[in-house]
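# Summary of the model geometry
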Amino acid sequence: MSSKEEILRRLFELQDLKYKEFACKLMPTVNPENVIGVRTPDLRKLAREFSKTPEASEFLKILPHAYYEENNLHGFLIETIRDYDTAVAAVDEFLPYIDNWATCDLISPKIFKKRLPELYEKIKVWLVSGRTYTVRFGIGMLMRFYLDDDFQPEMLELVAVIRSDEYYINMMIAWYFATALAKQYEAVLPYIQEQRLEKWTHNKAIQKAIESYRIGDEAKAYLRTLKT
């Protein structure tokens, strides 16, 4: 039995049809026939177990995958890679095959945290790729790793200049700016005051910021006045 067949056998053993129904509603871009219905903790556990086998690297070479869960397993396996260059190469290879926000947002290799200056240069490339989920992934990495001690004001500009008709990019821009308001309020506020984002994204960022428990009531009241 090949590693792919073995993986599929294990995934179908973990199938939960009620969960499949729930997951499909959240992912309108994914064909329900390509969703098995495996809960994320079960997938993570399988990835941890599988990552210790020689077949794991073989599985990472098999693209595209047929099932949503195979893609998520692929993402979780990338997270276990301990060498930075290997992890980046694996992400680069995988990003063009991602077709939904959930798979895109779950990938966060631990090694990235240790190589933030190099990762930042890579993020700049992802942001201008023109591919929906590659751009979304780049914004997600900026949000995850660069809004605290490693924040630089220029990063806001990289995201603010992105223009797209893609809902899943614009939603991530809004999410990024809402999170940035919670963590770097003074630096971010001018982007909202000057309406540097497209109207829908601008309003969505304010809405998400107002929903955040990390932003004070006074700031929320002021942000409400900036809706367009």
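Residues numbered from 1 in each chain as written. Predicted model: local features only at pLDDT ≥ 70, side-chain atom pairs only at ≥ 80, totals over all residues. Heavy atoms only, no water.

### Looking at the packing of aromatic side chains
- Counting across every chain of the model gives eleven aromatic pairs.
- Arranged with centres 5.0 Å apart and planes meeting at 90 degrees, the rings of Y167 and Y168 form a pair that is edge-to-face.
- Relative to Y191, the ring of F177 has its centre 5.8 Å away and its plane inclined at 45 degrees; by these criteria the two rings are tilted. With F177 in helix α11 (residues 167-183) and Y191 in helix α12 (residues 185-193), this residue pair connects regions lying 14 residues apart in the sequence. Judged on exposure class, the residue F177 and its partner Y191 are both buried.
- Aromatic rings pair up to connect Y133, Y167, Y168 and W200 into one cluster. (Phe/Tyr/Trp six-rings, centres within 6.5 Å; stacked < 30°, edge-to-face > 60°. Helix = DSSP H or I, 4+ residues; strand = E, 2+ residues; numbered from the N terminus. Buried < 20%, exposed > 50% of the residue type's maximum accessible area, 1.4 Å probe, protein only.)

### Details of the pattern of salt bridges
- Evaluation of the coordinates by the stated rule reveals 14 salt bridges.
- Salt-bridge contacts for R9 lead to E13; the nearest nitrogen and oxygen are separated by 2.4 Å. In this pair, R9 and E13 are both assigned in helix α1 (residues 3-13), four residues apart and thus about one turn of the helix distant.
- When its relative accessible area of 36% is taken as the criterion, R9 is described as partly exposed.
- Given the relative accessible area of 52%, E13 is considered exposed.
- Measuring nitrogen to oxygen at the nearest pair gives 3.3 Å for the salt bridge that ties E121 to K124. (Salt bridge = Lys/Arg side-chain N within 4 Å of Asp/Glu carboxyl O.)

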